[in-house]
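A look at the structure
What follows is the residue order along each chain.
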Amino acid sequence: MKLAKAKEYYRLGLVTGFACVPADTGWMLHVDCPKVSADGALIETALGENKVYVSLDSLSRDVERIGNVAQAWAFKI
């Protein structure tokens, strides 16, 4: 899912939460959106690949960009 689509879904009230998923070289952001997809979706780059964040700080900034939320998000292992 592209970041812009996640923002749109958040504004529509379809996003129920976020999760931080470990990757080989960093972290990926999982968006829980059960009304759109039962499993949710990972944030993608412009080329359609899963976006890998080098730090949790950069991942957290994208969560704020999506919905300016100050809610807790979870780690999935």
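The subject of this paragraph is the pattern of salt bridges. In total, this model carries five salt bridges according to the counting rule given. Two residues, Lys-5 and Glu-8, come together in a salt bridge whose shortest N-O distance is 3.6 Å. In this pair, Lys-5 and Glu-8 both sit in helix α1 (residues 3-11), three residues apart, roughly one turn of the helix. Exposure remark for Lys-5: the relative accessible area of 34% places this residue in the partly exposed category. For the salt bridge of Asp-62 with Arg-65, the shortest nitrogen-to-oxygen distance reads 2.4 Å. Of this pair, Asp-62 and Arg-65 are both found in helix α2 (residues 56-67), three residues apart, which corresponds to roughly one turn of the helix. On the basis of relative accessible area, Asp-62 is assigned to the buried category, the value being 2%. The class for Arg-65 is partly exposed, based on a relative accessible area of 47%. Residues joined by salt bridges that share partners form a network here, namely Lys-51, Asp-62 and Arg-65.

What follows is about α2. Compared with the 16 Å implied by 1.5 Å per residue over 12 residues, the 17 Å span of α2 between its first and last C-alpha is a close match. Listed as buried for α2 are Ser-58, Leu-59, Asp-62, Val-63, Ile-66 and Gly-67. Along α2, the residues classed as buried sweep out an arc of 155° about the axis, all on the same side.

So, about the side chain of His-30. Here His-30 shows up in strand β2 (residues 26-32). Take His-30: its relative accessible area is 10%, and that puts it in the buried class. A polar side-chain atom of His-30 sits 3.0 Å from a polar atom in the side chain of Asp-32.

All right, on to the packing of α1 against α2 then. A pair of packed helices can be characterised by two numbers: the angle between their axes and the separation between those axes. Interhelical geometry of α1 versus α2 gives an angle of 50° and a closest axis separation of 8 Å. It follows from the interaxial angle that α1 and α2 lie oblique. Each of Leu-3, Ala-6, Lys-7 and Tyr-10 in α1 lies in contact with α2, whose residues at this interface are Asp-62, Arg-65, Ile-66 and Gly-67. The residue inventory of the contact of α1 with α2, partitioned by class, reads four nonpolar, one polar and three charged.

What counts as what
Residues numbered from 1 in each chain as written. Predicted model: local features only at pLDDT ≥ 70, side-chain atom pairs only at ≥ 80, totals over all residues. Heavy atoms only, no water. Salt bridge = Lys/Arg side-chain N within 4 Å of Asp/Glu carboxyl O. Helix = DSSP H or I, 4+ residues; strand = E, 2+ residues; numbered from the N terminus. Buried < 20%, exposed > 50% of the residue type's maximum accessible area, 1.4 Å probe, protein only. Expected span 1.5 Å × (residues − 1). Arc of directions from axis to C-beta. Polar contact = N/O pair within 3.5 Å; in protein donor to acceptor, adjacent residues only side chain to side chain. Axes fitted to C-alpha atoms, helices over the stretch in contact; angles between N-to-C directions. Parallel < 35°, antiparallel > 145°, perpendicular 65-115°, else oblique. Contact = heavy atoms within 4.5 Å. Nonpolar A, V, L, I, M, F, W, Y, C, P; charged D, E, K, R; others polar.

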